[in-house]
Structures are given as structure tokens and as C-alpha cells.
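So you can see what is in the structure, the chains are spelled out below.
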Amino acid sequence: MTKVYDFDVVILGGGPAGLSAAIYAARGNVSTAVIDINPFGGQPSNYAALENYPGSINTDGFELMEKFEEQADLFGVQKFPMQEILSVDLISENKVILTTEARFNAKTVIIATGAQAKKLGVKGEKEFTGCGVSYCAVCDGAFYKDKIVTVVGGGNSAVEEAMYLARFASKVFIVHRRNELRADKILQERLKIFANIELIYNSTVKEIVGEDKVTKVILNNTQNNNLSELETDGVFPYIGMVPNVEKIAGQVKQDAMGFIFTDATLKTSVEGVYAAGDVRVTPLRQVITAAADGAVSAVYAVKYLEQGKYTTPLPMQIEQL
Ligand code: NAP
């Protein structure tokens, strides 16, 4: 028989935004649950290094997320990991989340489902995922010892993960579509130290080729449309993120990419529903901003519970910017 739970706050997603929201909500003395399809920790659990989270010197992402979880435990947060969400009803006054294991009735919901790697959408990408195409350098990097790998993208993720892969691989190519990287300058400087990393500018991957596993990529020069072949054993696309919003799509206001609009209290377009972290429209997607979002969303979810509705006019609505 399906279990039924009643909570004041149900948080969807157990990454930094979700766990931080859980800590703040539970400390606000309301019953709080966090649901995640995976073990808790979210994306940072796969970060080899986390250099810019204040106070976390010499701490990797996994360790930091364990501490977030431990802190949520201290305040009595109910955790439901490894639960696939089947449906979510955010529109009714009493929100309902159905998972493979249970029904959760919630007075308020905080959406902290994060984002996942954007796909290249080229021939061979899907076919070779797990056989040469990977979106997680920390998970799969060791398989490429003394091999050639190709990272696609020009942001912080591409550069950081290329440097991580350079510890194992004999050669790392970074293929970027423009003639300059988007990554932070400090990372670009550090990249120069790696003799086995080579940048290929003005190029996109047109196709990923192989038999049982990847053997090469076909590159398209964005300036003259010339095609060329690049031998490689692995392809790691790091070209940005798409929000995890499959089960809530259409119920709250979202931008063209699916990221959720919020106001300054992180309330969505629906009363009693908040969004925090990478899943929302935000100028910066970092562990620290996700954690801060968790705090803001939970504080205002608790105020909403206390007052029935939190209606103080706010100075800024993201949609109006
Ligand atoms: P990002 O900053 O959005 O960069 C995506 C990169 O992929 C850009 O260089 C973009 O090119 C390129 N790109 C996008 N679509 C493409 C396509 N279809 N084909 C080829 N290239 C494509 O994404 P990210 O690096 O994954 O980072 C996501 C967020 O996490 C960012 O806010 C980032 O700052 C943050 N992050 C921070 C850290 C850190 O601070 N240590 C580490 C990792 C991530 P253009 O440059 O031409 O647009």
C-alpha cells in the first residue's frame, strides 16, 4: 500500500539548494521533507575540487555535501532519497507529490531540482553515452589513463574538468565554438600550466564516430565551415545546463529554456511554491548561490505558512528586469 505523508514543507531535490532549504525550514520549526531521485548531494558530489565555497579549503564537493546532509539530520529533516517523482500537483492549495514509494501532501513546496548537462545533440552522442561519451569527468576520468579525450565547451565547467582529465589522459583537447573562453580568468591562467591540454577554437563537434566505442569526432570550423577529423577516445561535453523540470513543467512560469521565474523571496508564480538554486532564472549558478537560495526560499515558505500568505510588496520581480 502506498505510504501517505503530510508535511508543511516538501523540498524537491537534495543538492545544496534543497539541503540548505531543509536546514532553514526545519529550524523554522515546520515539518520538512526532502525528496531526491538520487542519493543526496546533487551536482557538487561529483566535483573533484571546490575552491570557491568560503570556508571549505581542502574540501571536495562530496565531503561538503555530506556536511550539509548531516546538518539537515541534526534538525530533524525527513529524507527520502532514491525516490522517483511520478507526478506533482502544485496548483491546488494542498500540493501533492507522488513518488514510486509514497504520496506526499504538502502545504508548501520548494523546487530545488537543479539542472543537468546540456546535450550536444549531434550524431553519435546518444549511441556512445557510456562508451566514450561522458558528462562526468570525476566519475569516468580514470578510464582514460594515457588516452586522448576531447572536452567541448568554453565555460568554467569545461576548463575545470579538462584540467581534471589532464591528470589521467595523455592529451586533452578543448573544443570551443568561439575564439575566446568564457571561463574565469584565474582558470584560464591555470590552464596554461598544462602541457597536455590543447585548445581548438572556432570549432564545434558535428559528429561523434566509432564502432564499439568512440574513435574520433568530426569538427566543423565555425569560420569557414571546413570539416576535419580529430582522433579521440572520449568526449566530455560541458556546454551548460538545462533545468530538471520535467514533472512541474507548465505549472509555474518558466523562461524559454525551462528555468523557473521567481521574485526576490524566491516565490514562483504559484502561491506556496518556491524555487531555489540552479533550477531558477538566476545570473550565477554556484554552490554558494544555491545554498543562499535555499535559505531565502525556506524562510519565506515558513512565513507563508505562518501567515497563510506572504504578500509584502517586493522591490524587484525578476520578470520585470
Ligand atoms: P556555461 O558557463 O554556460 O558555459 C557553456 C559553454 O559551452 C560556453 O562556452 C558556450 O559557448 C558553450 N556552448 C553552449 N552551447 C553550446 C553548443 N551547443 N555547442 C558548443 N558549445 C556550446 O556553462 P558551464 O561551464 O557548465 O557552467 C554552468 C554554470 O556553473 C556557470 O554559471 C558557471 O560559472 C558555473 N560553474 C562555476 C564553477 C566555478 O566557479 N568553479 C565551476 C563550474 C561551473 P559560448 O561561450 O560561445 O556561449
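Residues numbered from 1 in each chain as written. Predicted model: local features only at pLDDT ≥ 70, side-chain atom pairs only at ≥ 80, totals over all residues. Heavy atoms only, no water.

Student: Is there a simple way to explain the domain arrangement of the protein in this structure?
Tutor: Reports of interface size often rely on the accessible area that becomes lost once the parts have come together. Domain assignment breaks the protein into domain 1 (3-116 + 241-320) and domain 2 (119-237). Distance between the C-alpha centres of domain 1 and domain 2: 32 Å. Facing the five residues of domain 1 at the interface are seven residues of domain 2. Considering only the side of domain 1, the residues that lose the most area to domain 2 are Asn46, Ala48 and Glu51, jointly responsible for 71% of the buried surface there. Inspection of the domain 1/domain 2 interface yields one salt bridge. Two residues, Arg190 and Glu51, come together in a salt bridge whose shortest N-O distance is 3.0 Å. (Domains from an automatic or database assignment. Contact = heavy atoms within 4.5 Å. Buried area = accessible area lost by both parts, 1.4 Å probe. Salt bridge = Lys/Arg side-chain N within 4 Å of Asp/Glu carboxyl O.)

Student: Explanation requested: the sheet that holds strand 12 (residues 214-221) in the structure shown.
Tutor: Strand pairs in the sheet, formed through backbone hydrogen bonds, run parallel or antiparallel to each other. Spatially, three strands are ordered 11-12-13 in an open sheet, and the strand pairing comes out antiparallel. The sheet is open, and its two borders are formed by strand 11 (203-210) and strand 13 (227-231), each paired with just one other strand. Strand-to-strand, the axes of this sheet are offset by a mean angle of 30°, without reference to chain direction. Here strand 11 runs beside strand 12; their pairing, made up of seven bridges, is antiparallel. In the strand pairing of strand 12, Val205 is matched with Leu219. (Pairing = 2+ DSSP bridges. Helix = DSSP H or I, 4+ residues; strand = E, 2+ residues; numbered from the N terminus. Axes fitted to C-alpha atoms, helices over the stretch in contact; angles between N-to-C directions.)

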